[in-house]
Amino acid sequence: MSKFPYGNSALAMLGLAAASGAYLTLNRPSKAKPTLRLWTFAKTHGEAYQQAVPAFVKAHPGVSVEVQIVAGEAVTSRLQAAFWADLDVPDLVEVEISWAGSFFRGPLESIGFLDLTERIHQSGLWERVVQARFAPYTSRGRIFGIPHDVHPVMLAYRRDLVERLGIDVEQLRTWDDFIEVGRRITQPGKRYMIELPDTESSRFEALLFQRDGGYFDEQGQCIMDNEIAVETMKMYVPMVAGRSRIASDLGGGQIFTRAVEDGYFLFLITPDWRSRTIEQDVPRVAGRMALMPLPAVAPGKRRTTTWGGTMIGITRRCQNPDLAWELIMHLYFNREDLAQRFRDTNILPPARDLWDHPAYYEKRPYWSHQPLGALYAKLAPDVPFQYTSPYISLAKAKMSEALIGCVRYYNTYGERGFDGYVRKQLEQSAEEVRRAIRRNPYL
Amino acid sequence: MPYAETRISERVRERRWRAEQIAPYLFVAPFVILFLIFGAYPLAKSFLLSLYITNGPRDVVFVGLDNFRYMFSDPNFWKAVRNTAVFTFWSIVLQIPAGLGLALLLNSPWMRGRNLFRLAFFSPNLVGGVFVGVLFSVLFVPQYGLINRGLHALFGIPLDTRWLADPALVMPALVMTSLWMSVGFHMVYILAGLQSIEKDLYEAALLDGANSWQQFWHVTLPGLRHVLIFLLLISTIGSFQLFELPWVMLGRGPGPDASGLTIVMYLYLNGYVAGDLGYASAVGWTLALGLLVVSLVQLRLTGAWKPRAS
């Protein structure tokens, strides 16, 4: 047998290429495409939808639905690339609230999602759903997504420790009450009244929303340096900085578990979705945790806010938008499925007429036998509006920078000149956002 | 010779001559075609894109050099440049000497298990930035993380030191992680360089009465010059392209106070999150040109490149 002229290695590579090519040719993937393809980033959502799909398919003979779980922010970048290239675009997509705005940057007719405004009004969803929840998915007055949730916020707390310390949660009606008690019971390095970060703005923005503040107004104008933001910063920073701080933050995962178990934090800002995370991450404190409404900014004011969220949208490439709409109705508004989903995830659905199901009144042993659903549902109609913009990521980053600057200042100088410093920081941050907005030729 | 035969041989000769003329072009054609499609065209296209504000590839508005003007006046861009430069500086200052030290250690005649150590030091480089990022984000956990526990036991550093949440500590954490990941890579190159230095030179130096330090300074280092210059260049280029390590360690973002924002992350955030591919192209071109200048300066300072005299 004559030798291969380019050596045995090249022969082996050639053989391998030929064999793999032959394998791929003989084992072509099936060309049958599903009628509808849905992307979600949340495993819990994906699993719930996979359970709900068979009933939809049964009611729609000949239709097939594929639910794909696409990890984290990959949804956003893959979807953006898919929209641009017009390739591999799914029919329906769930997008996390902080990323939704990034899809609304161009002219309205170029947005990759279908305008659902008319469908929402004609179907009666506008009246059924907590209207504040449409705001993050609205651009220039048009709605591009259906909210998956409301995410009202409560305070979760270590009931056993709080009782032992003689704190009456009924008396914690305002943030001033809360801070006063916090200063009394906080022991730096050992025990803090509440878990609040000083280097990122997720909890700060929840408190900003509570006061009807935010990053943008309804018209998309940047308002992150208005008087509400100044007042929120002046309340928040002394909680996380300076000698009289009452808050700390250690991050997530195992450290969070240990911190709650050890009583390092007594109170936690807890939207409905996080109540489930706490149950899973800190199972050893079952029966010793409880929930209470958020303290108000002033007596009689709002006792909740909102943190997080998800929308579902129909893409422009969808061949059958009516069917996609029906699938959304099935997945997002099926009474029995949602009740079961609430039991699994603790997430309250956005339609008010669904909250009278007995599932929401079930007493939860983990939460000291409180009716978790009813507690959140009571606060849900009052969640504040949060408006979005394509520049929401930039605004959040700038707010975090302003927060860090204010924390540093407060740690060094305390109250002296703090008001002026806060205003200057927020103005600078807002101006950078406005500068970026001014460059956008489409808005 | 009959006329017909003469004509045929001329034709054959002419055909052969033509084939010989064309052959080199045919040989280089596959590369040239692929380069034009996947190299030159994207480069030219990205340069053109850098003159537009875009929303994806379809909605484009010509703005001339405004993307560059905006970039140079954006504090975030300068923050990214500063962070990247600091990371590059510390990476080079720590990684190359540490790699040299390890290589000298493994090159010692008394060293046993050389191959095992070589593999052990090199292996972090094989697993990639994402894996290393995930691993170190666990090690850096406050209160219960291994690094804080170790530092607390050794130096009394507070257990709740927040490496990845304190803007002042993010860069040291990134540099430490990168050091662990890349030191083996440098070591392998330097080890190869050490083994290529002529033994006669050491013997000659010994005969001249040179001590160990003098041998290192006058024989080893000059012998490693080309390897060290190569490592300097690729470390600089690699550091300027830093992305995945801070992206993973800081929870897919620039970290507190943008303390982990690098130039490539800035490019990614503008291109793929904000959706302006034109602006991202402007950042990309600025990065490429900046790297070219830095590399030329390094080559000039190390004497590896001398501009031709006029």
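Predicted model, so just to flag it, every value in this text is computed and none were measured.

So, how was this worked out
- Residues numbered from 1 in each chain as written.
- Chains lettered and ligands numbered in written order.
- Predicted model: local features only at pLDDT ≥ 70, side-chain atom pairs only at ≥ 80, totals over all residues.
- Heavy atoms only, no water.
- Contact = heavy atoms within 4.5 Å.
- Buried area = accessible area lost by both parts, 1.4 Å probe.
- Salt bridge = Lys/Arg side-chain N within 4 Å of Asp/Glu carboxyl O.
- Polar contact = N/O pair within 3.5 Å; in protein donor to acceptor, adjacent residues only side chain to side chain.
- Helix = DSSP H or I, 4+ residues; strand = E, 2+ residues; numbered from the N terminus.
- Patch = residues over 30% accessible without salt bridge, like charges linked within 9 Å, V, L, I, M, F, W, Y side chains within 5 Å.
- Areas by Shrake-Rupley, 256 points an atom, 1.4 Å probe, with all protein chains shown as cover.
- Buried < 20%, exposed > 50% of the residue type's maximum accessible area, 1.4 Å probe, protein only.
- Pairing = 2+ DSSP bridges.
- Domains from an automatic or database assignment.
- Axes fitted to C-alpha atoms, helices over the stretch in contact; angles between N-to-C directions.
- Parallel < 35°, antiparallel > 145°, perpendicular 65-115°, else oblique.
- Left-handed = near helix turned anticlockwise from the far one by under 90°.

Draft legend 1. Examining the interface of chain B and chain A more closely. Counting residues at the interface gives 38 residues for chain B and 34 residues for chain A. Between chain B and chain A, the buried area comes to about 3100 Å², and carbon and sulfur atoms account for 50% of it. The largest contributions to the chain B side of the interface with chain A come from Y70, Y144 and V273 of chain B, which together make up 20% of the buried area. For the pair chain B and chain A, the number of links is 5 salt bridges. A salt bridge links D198 of chain A to R162 of chain B; its shortest N-O distance comes to 3.1 Å. Counting across the chain B and chain A interface gives 11 residue pairs in polar contact (both at pLDDT 80 or more). Mapped onto the side of chain B that touches chain A, the elements with two or more residues apiece are β1 (52–55), β2 (59–62), α2 (66–72), α3 (75–107), α12 (263–273) and α13 (277–301) of chain B.

Draft legend 2. Quick peek at a nonpolar patch on the surface. Taken together, the side chains of Y25, F27, V28, F31, V32, I33, L34, F35, L36, I37 and F38 of chain B make up a nonpolar region of the molecular surface, amounting to roughly 1200 Å² of accessible area. Of the residues examined, F31 of chain B reaches a relative accessible area of 57% and is grouped as exposed.

Draft legend 3. Examining the pairing of strand β10 (residues 265–271) of chain A more closely. Residues and elements named next belong to chain A. Of all 7 residues that make up β10, 7 are buried, and the element is covered over most of its length. Across 5 bridges, strand β7 (residues 153–158) lies against β10 in antiparallel orientation. The residue of β10 that forms the bridge with L155 is I269. For strand β8 (residues 192–195) and β10, the ladder comprises 3 bridges, and the chain directions are parallel. What sits directly across from Y192, in β10, is F265.

Draft legend 4. Structural detail: the domain arrangement of chain A. Residue and element names in this part refer to chain A. Each assigned domain of chain A is listed with its residue range as follows: domain 1 (36–147 + 308–376) and domain 2 (153–306 + 385–439). The gap between the C-alpha centroids of domain 1 and domain 2 is 28 Å. Of the residues lining the interface, 27 residues belong to domain 1; the matching set on domain 2 comes to 32 residues. Where domain 1 abuts domain 2, roughly 2400 Å² becomes buried across the two surfaces, and 58% of that area is made up of carbon and sulfur atoms. Of all residues in domain 1, Y366, W367 and Y376 bury the most surface against domain 2, accounting for 32% of the area lost on that side.

Draft legend 5. Quick look at the packing of helix α9 (residues 202–210) of chain A against helix α10 (residues 227–240) of chain A. All names here are of chain A. Where α9 contacts α10, the two axes come as close as 10 Å, and the packing angle between them is 135 degrees. Regarding the angle of α9 to α10, the classification is oblique. Where α9 crosses over α10, the handedness of that crossing is right-handed. Listed contacts from α10 to R203, F204, L207 and L208 of α9 are I228, A229, T232, M233, M235, Y236 and M239.

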